[in-house]
Amino acid sequence: MPDLLRNLLIRAGENKPLAKQVTSRRLTRSLALRFVAGETLDDGLAVTRRQAAKGKTVTLDFLGESVTSQDDARAAAKVIVEAVGRIGEEGLPAGVSVKPTQLGLKLSEELCTELCCDVAEATARIGEHLTLDMEGRDVTEATVALVERLQQAGHAHVGCAVQSYLRRTRADVERLSRAGASLRLCKGAYAEPERVAYQSRTQVNASYAECADYLLAHGNYPRIATHDDRLIDHVKVVANRFGLSRDDFEFQMLHGVRASLQDALVADGYRLRVYVPFGHQWYPYFMRRLAERPANVLFFLRSLRDT
Ligand SMILES: Cc1cc2nc3c(=O)[nH]c(=O)nc-3n(C[C@H](O)[C@H](O)[C@H](O)COP(=O)(O)OP(=O)(O)OC[C@H]3O[C@@H](n4cnc5c(N)ncnc54)[C@H](O)[C@@H]3O)c2cc1C
């Protein structure tokens, strides 16, 4: 997709009046359901059960980002801890993901660390991993440092996503792996300038392959998050060359994207985790998914015209 359109969609995802417009339309809400389990925790758990029945594990994600009050951060943490509790009660094969800015990273590092510790303790109780999503470049360093702090505080099961489009990521992969964190490698879903991020597909993919190679050789249970056939094949070949078993790493994909590829990997004996978001704040997440694929945008525009 031309960068201009991609960036426009991502920026539109940050526009509050537009969010109100889009989220109030029935048709766009039903379109969003392709990528989002629904607005409630029960919706998220229902999709989790369905994915589990197909031999997949899940990362459940309560949607929300960049909260503007400490109360909102605490309320989000409460829902996430409740989600972990429900996962544990049902014995579902699922962990959770959180956005650090949803837990107040932009308001207070201290508060965010405290709330991440609450979620980390809950996930430890059910023996599940906790991944911090990686957001925009304004919080990259703060997120990496947060993972280091959590590791130092004894939360060995906490890691984060890393984005291959960022020039700094190859170094972060080494830094965080040394700290003991298990990482989710993705390409990156935000609009970042050339100063900090590779702009061409070729460079982003080359960086992805390089980071994946490092993780497969030296990382801690790499989490390979992509729907890109070529990179998936690359990882299979390299893992095989390094003598890794199919249980030494996992592929991760998004709910609603390339479901038949997900099923094929499971049938082939690979571990596959699906990222399942739920919650009413689905608008920025939905816009980032639209930005990833031109066909999604056409579908979306047609629905706006028809409402
Ligand atoms: C489990 C998981 C967690 C993620 N966490 C983060 C995170 O924390 N931070 C972050 O910045 N990004 C995150 N992302 C998003 C990621 O950075 C990419 O934007 C997204 O995955 C698309 O990149 P790709 O690797 O699939 O490759 P692409 O080259 O974009 O896509 C490869 C193929 O996959 C299909 N595809 C990809 N996206 C879509 C879509 N939206 N709709 C329909 N088809 C699609 C298309 O067939 C496309 O040709 C995550 C992605 C996954 C899978």
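Read on for a plain summary of the structure. (Residues numbered from 1 in each chain as written. Predicted model: local features only at pLDDT ≥ 70, side-chain atom pairs only at ≥ 80, totals over all residues. Heavy atoms only, no water.)

1. Quick notes on the site of the ligand
- In the vicinity of the ligand, 27 residues are found, and the nearest of them are Lys 187, Gly 188, Thr 226, His 227 and Glu 292.
- One of the side-chain nitrogen or oxygen atoms of Glu 292 is found 2.5 Å away from an oxygen atom of the ligand.
- Bound to the protein, the ligand loses 89% of the 930 Å² it would expose on its own.
- Where the shell around the ligand is concerned, the elements lending two or more residues are strand S4 (158-163), strand S5 (184-186) and strand S7 (250-254).
- The element that contributes the greatest number of residues to the shell around the ligand is S7, accounting for three residues.
- Residue composition of the shell around the ligand, by class: eleven nonpolar, six polar and ten charged.
- Each of two domains, domain 1 (1-35 + 282-307) and domain 2 (55-277), supplies a minimum of three residues to the shell around the ligand. (Near = heavy atom within 4 Å. Polar contact = N/O pair within 3.5 Å; in protein donor to acceptor, adjacent residues only side chain to side chain. Areas by Shrake-Rupley, 256 points an atom, 1.4 Å probe, with all protein chains shown as cover. Helix = DSSP H or I, 4+ residues; strand = E, 2+ residues; numbered from the N terminus. Nonpolar A, V, L, I, M, F, W, Y, C, P; charged D, E, K, R; others polar. Domains from an automatic or database assignment.)

2. Remarks on the packing of helix H4 (residues 41-53) against helix H5 (residues 70-90)
- It is at 11 Å that the axes of H4 and H5 come closest, and there the two elements cross at 40°. When the axis of H4 is compared with that of H5, the two are oblique. The hand of the H4/H5 crossing is right-handed. Of H5, the residues touching H4 (which contributes Leu 41, Asp 42, Leu 45 and Arg 49) are Glu 82, Ala 83, Arg 86, Ile 87 and Glu 90.
- Considered class by class, the residues forming the contact of H4 with H5 number four nonpolar, no polar and five charged. (Axes fitted to C-alpha atoms, helices over the stretch in contact; angles between N-to-C directions. Parallel < 35°, antiparallel > 145°, perpendicular 65-115°, else oblique. Left-handed = near helix turned anticlockwise from the far one by under 90°. Contact = heavy atoms within 4.5 Å.)

3. What to know about the side chain of Asp 133
- Within the secondary structure layout, Asp 133 lies in the loop between strand S3 (130-132) and helix H7 (140-152).
- Here Ser 97 takes part through its side chain, which lies 2.6 Å from a polar atom of the side chain of Asp 133.
- Here the side chain of Asp 133 touches Arg 184 through a polar contact of 2.8 Å, side chain to side chain.
- With sequence-adjacent residues up to four places away left out, Asp 133 is seen in contact with Asp 61, Ser 97, Val 98, Lys 99, Pro 100, Thr 143, Ala 161, Arg 184 and Tyr 275.

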